[in-house]
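Below are the chains, spelled out letter by letter.
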Amino acid sequence: MLKNVLSLLLSRFYSKKDAAEIAALALPNPSDGIAISITEGANTYIAPADGYINFITARNGGVNVYGQCLQTNSYPSTNRQAKAFVPISKGKKIIFEIGGETISATFYKLVGGGYQLLRNLFCKEVAYA
């Protein structure tokens, strides 16, 4: 019953197009990837925006990620790639160590747009009142 009431209420204030925008807010934008330079040993990176960092190594590599983020590591079995996909907030510092050959380390900014979307929803609410 509650689900039906919420569905009815929400259907009055936003369209299917708005629903698609809301669903995409947490997705990374692959066209806006920023390559991260990597040196031997521990590396640091400060996120320019909310987003994700994606690490990929060649076979038999490893990734260790820590700092002001979700701490994770990836040391796969023999002859496999190490991959890590780490969410990070704007301005937070991430520290990472990569063993083996790195294929890529890329920061992806979130699609975002929540402020504009909420503003549009509230304008529609006023129009219905």
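A quick note: this is a predicted structure, and the numbers were derived from the prediction, not measured.

Novice: Mind showing me how you'd approach the side chain of Thr-106 here?
Specialist: Here Thr-106 shows up in strand β8 (residues 102-109). Using a relative accessible area of 13% as the deciding quantity, one classes Thr-106 as buried. The contacts of Thr-106, once residues within four sequence positions are left out, are Gly-33, Ile-34, Ala-35, Ile-36, Tyr-52, Ile-53 and Asn-54.

Novice: For this particular structure, what's the right way to read the pairing of strand β4 (residues 62-67)?
Specialist: Remark: a regular strand shows side chains that alternate across the two faces of the sheet. Bridge count for β4 against strand β7 (residues 93-99) is 6 bridges, and the pairing is antiparallel. Among the inter-strand pairings, Val-65 is bridged to a residue of β7, identified as Phe-96. The pairing of β4 with strand β5 (residues 72-74) spans 3 bridges and is antiparallel. Bridged to Asn-64 within β5 is Asn-73.

The rules behind the values
Residues numbered from 1 in each chain as written. Predicted model: local features only at pLDDT ≥ 70, side-chain atom pairs only at ≥ 80, totals over all residues. Heavy atoms only, no water. Helix = DSSP H or I, 4+ residues; strand = E, 2+ residues; numbered from the N terminus. Buried < 20%, exposed > 50% of the residue type's maximum accessible area, 1.4 Å probe, protein only. Contact = heavy atoms within 4.5 Å. Pairing = 2+ DSSP bridges.

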